[in-house]
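# Structural description and commentary
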Amino acid sequence: MRVLVVVAVVLLVVTGCGGLGAEPAANALVTMGFGQPDEHATARVAVFRAANPDVDVRINEGAFDEQQFLSAVAAGDPPDLVYAERRKLGSYAARGAVLSLADCVREHHVDLGQFRAAALRQVTHRGEVHGLPDFSVVRLLIVNNPVVRAAGLDPAALSTTDWTALAEATDRLAVLDGNRPRRIGFDPKVPEYLPLWAKANGVDLVRGDEVHLDDPAVVEAVRFTTDLVRRQGGWASFKAFRDTFDQFGADNAYVTGRLAAMPMDSWYLNTLAANSPDVDVTVAPFTDRAGTPITESSGQAWAIPKGARHPDLACRFLTTMTNADTWVLAATARRDALARAGKPYGGTFTANRVADERIFREVFAPGGNRVLARAVPQVLALQDKAFVVEPSPAASELVRAWEGGVNRVLTGRQPPDEAMAQAQREAERALDRVGGR
Amino acid sequence: MVTASRREARAGWLFLLPWVVGFLAFTAGPMLFSLWLSTTRYDMLKPPEHIGLDNYREALTDDRVATALWNTLFFTALHVPAQVVVALGLAALLRRAGRAAGFFRTVVYLPVMTPPVALAAMFLLLLNGQNGAINALLGWFGFTGPNWTTDPVWIKPGLVLMSLWTAGSTAVLYLAALTRVPAERYEAARLDGASPWRQFWHVTLPGISGTIYFTAVVNTIASLQVFTEAYTMFFGARGKESAEGDAALFYVIHLFREAFESLRMGYASALAWGLFVVIAVVTAVQVRLSRRYVHYEGERS
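What this report covers is the structure whose coordinates are included nearby. (Residues numbered from 1 in each chain as written. Chains lettered and ligands numbered in written order. Predicted model: local features only at pLDDT ≥ 70, side-chain atom pairs only at ≥ 80, totals over all residues. Heavy atoms only, no water.)

## Some details on the sheet that holds strand 16 (residues 386-387) of chain A
Residues and elements named next belong to chain A.
- The seven strands lie next to each other as 8-9-12-7-13-14-16, forming an open sheet whose pairing is mixed. Each of the sheet's edge strands pairs with one partner strand only, and the pair in question is strand 8 (175-177) and strand 16.
- Looking at chain direction, strand 7 (residues 139-144) and strand 13 (residues 281-287) are connected through five bridges and run antiparallel. Its bridge partner lying in strand 13, Leu-141 is registered against Ala-284.
- Packed on one face of the sheet, helix 8 (residues 163-173) meets strand 8, strand 9 (180-186) and strand 12 (259-265) and runs near 145° to strand 9. (Pairing = 2+ DSSP bridges. Helix = DSSP H or I, 4+ residues; strand = E, 2+ residues; numbered from the N terminus. Contact = heavy atoms within 4.5 Å. Axes fitted to C-alpha atoms, helices over the stretch in contact; angles between N-to-C directions.)

## Re the state of the cysteines
Residues and elements named next belong to chain A.
- For the structure shown, the criterion picks out one disulfide over all chains.
- There is a disulfide in this structure between Cys-104 and Cys-315, and the S-S distance comes to 2.0 Å. Taking the sign of the torsion about the S-S bond as the criterion, the disulfide between Cys-104 and Cys-315, at about 90°, is right-handed. Note that Cys-104 is positioned in helix 5 (residues 102-107) and Cys-315 in helix 14 (residues 311-321), a separation of 211 residues in sequence. (Disulfide = S-S within 2.5 Å.)

## Considerations on the interface of chain B and chain A
- Contact with chain B, which involves 40 residues of that partner, is made by 40 residues of chain A.
- In total, about 3600 Å² of surface goes out of reach between chain B and chain A, with carbon and sulfur atoms giving 53% of it.
- Summed over the shared surface of chain B and chain A, the number is five salt bridges.
- Of the charged contacts, one joins Glu-426 of chain A and Arg-64 of chain B as a salt bridge, the two residues approaching to 3.5 Å between their closest N and O atoms.
- The interface formed by chain B and chain A contains eleven residue pairs in polar contact (both at pLDDT 80 or more).
- Taken together, the elements giving at least two residues each to the side of chain B that touches chain A come down to helix 1 (2-37) and helix 12 (251-260) of chain B.
- Of all the elements, helix 1 of chain B adds the most residues to the side of chain B that touches chain A, at seven residues.
- Residues that form the side of chain B that touches chain A fall into these classes: 13 nonpolar, eleven polar and 16 charged. (Buried area = accessible area lost by both parts, 1.4 Å probe. Salt bridge = Lys/Arg side-chain N within 4 Å of Asp/Glu carboxyl O. Polar contact = N/O pair within 3.5 Å; in protein donor to acceptor, adjacent residues only side chain to side chain. Nonpolar A, V, L, I, M, F, W, Y, C, P; charged D, E, K, R; others polar.)

## Focus: the pairing of strand 3 (residues 81-85) of chain A
Residue and element names in this part refer to chain A.
- Along strand 3, four of the five residues are buried, which leaves the element largely enclosed by surrounding structure.
- Alignment of strand 3 against strand 15 (residues 300-303), held across four bridges, turns out to be antiparallel. Looking at strand 15, one finds that Ala-84 is bridged to Ala-301. (Buried < 20%, exposed > 50% of the residue type's maximum accessible area, 1.4 Å probe, protein only.)

## Focus on unusual backbone geometry
Residue and element names in this part refer to chain A.
- In the segment running from Val-190 into Pro-191, the intervening peptide bond is cis, with an omega of 15°.
- Backbone geometry places Arg-126, a non-glycine residue, at a positive phi of 50°.
- Of note, Arg-126 is situated in the loop between strand 4 (124-125) and strand 5 (128-129).
- With a phi close to 55°, Lys-189 is a non-glycine residue in the positive phi region.
- Along the chain, the position of Lys-189 falls in the loop between strand 9 and helix 9 (194-200).

## A short note on the packing of aromatic side chains
All names here are of chain A.
- Tallying each qualifying case throughout the model produces 35 aromatic pairs over all chains.
- With a centroid separation of 4.7 Å and an interplanar angle of 50°, the aromatic rings of Phe-34 and Trp-302 are classed as tilted. Of this pair, Phe-34 sits in the loop between strand 1 (28-32) and helix 2 (39-51) while Trp-302 sits in strand 15, and the two are 268 residues apart along the sequence. Each member of the pair Phe-34 and Trp-302 is classed as buried.
- Of the aromatic side chains, those joined through ring pairs into one cluster are Phe-34, Phe-48, Tyr-83, Trp-302 and Phe-317.
- Sitting above the plane of the Phe-387 ring, Lys-199 keeps its charged end 5.2 Å from the centroid.
- Across the ring face of Trp-163, the terminal group of Arg-289 is positioned such that the distance to the ring centre comes to 4.0 Å. (Phe/Tyr/Trp six-rings, centres within 6.5 Å; stacked < 30°, edge-to-face > 60°. Lys NZ or Arg CZ within 6 Å of the ring centre and 35° of its normal.)

## As for a nonpolar patch on the surface
Residues and elements named next belong to chain B.
- Residues Met-31, Phe-276, Val-277, Val-281, Val-285, Leu-289 and Tyr-293 make up a contiguous nonpolar surface patch of roughly 650 Å² in combined accessible area.
- Here the nonpolar patch gets six residues from one element, more than from any other, and that element is helix 13 (residues 265-293).
- With respect to the helices and strands, Tyr-293 occurs in helix 13. (Patch = residues over 30% accessible without salt bridge, like charges linked within 9 Å, V, L, I, M, F, W, Y side chains within 5 Å. Areas by Shrake-Rupley, 256 points an atom, 1.4 Å probe, with all protein chains shown as cover.)

## Description of the environment of Leu-29 of chain A
All names here are of chain A.
- Structurally, Leu-29 is set in strand 1.
- Linking Leu-29 and Pro-311, residues 282 residues apart in sequence, is a C-alpha distance of 9.2 Å.
- Setting aside residues up to four positions removed in sequence, Leu-29 forms contacts with Phe-48, Val-55, Asp-56, Val-57, Arg-58, Asp-80, Leu-81, His-310, Leu-313, Ala-314 and Phe-317.

## Details of the sheet that holds strand 1 of chain A
Residues and elements named next belong to chain A.
- Read across the open sheet, the five strands follow the order 2-1-3-15-6; overall the sheet is mixed. The sheet is open, and its two edges are formed by strand 2 (56-60) and strand 6 (132-133), each paired on a single side.
- Summarising the sheet, strand 1 and strand 3 pair through two bridges and their orientation is parallel. What sits directly across from Thr-31, in strand 3, is Leu-81.

Here it is in structure tokens:
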């Protein structure tokens, strides 16, 4: 009897834990990393559900969690679909954590030519696409017109082409109280935007299986951008001041005049348009030192993890979600919802060129919003001029290496050449470790 | 007699069984697994590959391990004494609260209930060097506060300041200990002409030294594993490089990033065992010191 009790207790404990991960039904499609905050998501999921009424789509709400995803893959219990930053998915593709979509794309007659080349490059590994790009974000300059005019400068003339002129303009635009900034003249957005500054100076940080963090042109870009910060009170004060900005509110730094100009992700234009529609800004491309517009592309993509239970259903889902017709339906739903709330619709920037063309021809309804009127043509024009940091199995470590290098310069711990030489060594070690070359 | 005792022993083991099974399955098992994993190269996507002690050798020469360990020990050295002093002060005040003691006990303990992530978000605002409330307070007294959240020199002191938010949990323990110090000892001390300071030093402190010792050990172990608040404040969901250099790179943050950003589970396991050894050594030193400085009731002094 006692033995029975002991066995029962052990079984209870053990099976109690085993019962947490129930086997999903045959027609269940589980996603990870995808939320449904607005019609862009809900309307597209509705399109799939309408076309596949027998499929039980289970949207695991919430942002992508790397730890959760990798644990699920390692435990042999991955979701059917994963939605994450393309940079991250490119790294997973290189490590074999997500499946090639070559067969999926062929069977569903997906025209990969419709997708923006840069976005597709981020999820392509050894010539095979491993994810289908979703949204597309580019980086451009947003200039605060009243502030720049008040300093006696022409907002249209403010550019990143002539670095000496930019440094001088920064000095004129910045307002300092001792070493405490009261207005940022120009925020170079480093370390995050280092790939853009390096590209503007003629260098790709990652080329094939090589990194070029200690390239003299990269060091020069680091020196220039960190010097811009130094001129504006130094990193500690500069960042503490920037941290006070109400980025998503009606009293953002453009409205309060606490910022004159900065490069920024294109999604911010919609935020500005919605929260401060009357703000007077110039939207211009970021240019290299020869004056040619350049931009870095980012965004999310859909992929199918290794070991997914329903790869065929997953393929059907991601091709539906990124299809031009689906995007147009979602954009229309979004526009109508905003119209009901009395707000303008600034368009939807996708990684599907055909979808964008139709959305901005058939659906776009800026409603006289001047931020949108100035911004949208610029964003559209930049989409096909974008570059990306090439995918690498050590992507996270490479970013960590160069951001760490720039941070050491910003905080005064190392000069630029020494910091980037160390970053180069760290990046090379990371690449050697993962067998990335 | 023997039979009854054996029966009781069996019953005892039976009651312990759920814990034993849980310990073996969820603590000892994973620990042994991580010990084995620490001798492998494992990225969670391919099978582990045995590499002997390479991970430990690398940890000994990894600059970031040295930085992270220094940051962690520095934080611990500031945090633990500060926590003890503030909690003791709070407990002393609570002791004098009289009728309102229950209310104030609740008020002092309430901050402990704040989720760490919310706490971190709140303190990012409070500690802001430009318009944070803490610098505003210092400004009233004529001080210009530092950039607590962006100046590498002030980041760890800022985190220590934030950690005092939860001093209430330790204060409640001290309050319980203070009420157990026999009143006649204070009476005797007063009759001998002892000043309040001497009473505190010779009566109160020895009387609650057991509790202080306990909280010092527990707080030390917790601060050597500090993670959530610092990660939320300085590294964030994007897994970016902290913009403040490595000033907030604590040991467990480095371990976590090696595991889940660089996918180096073997190396991260070796780091975990390294921390285990550090904690064991620090605790052993504390145990050793306790023989000299900690007094328990009923012991000969």
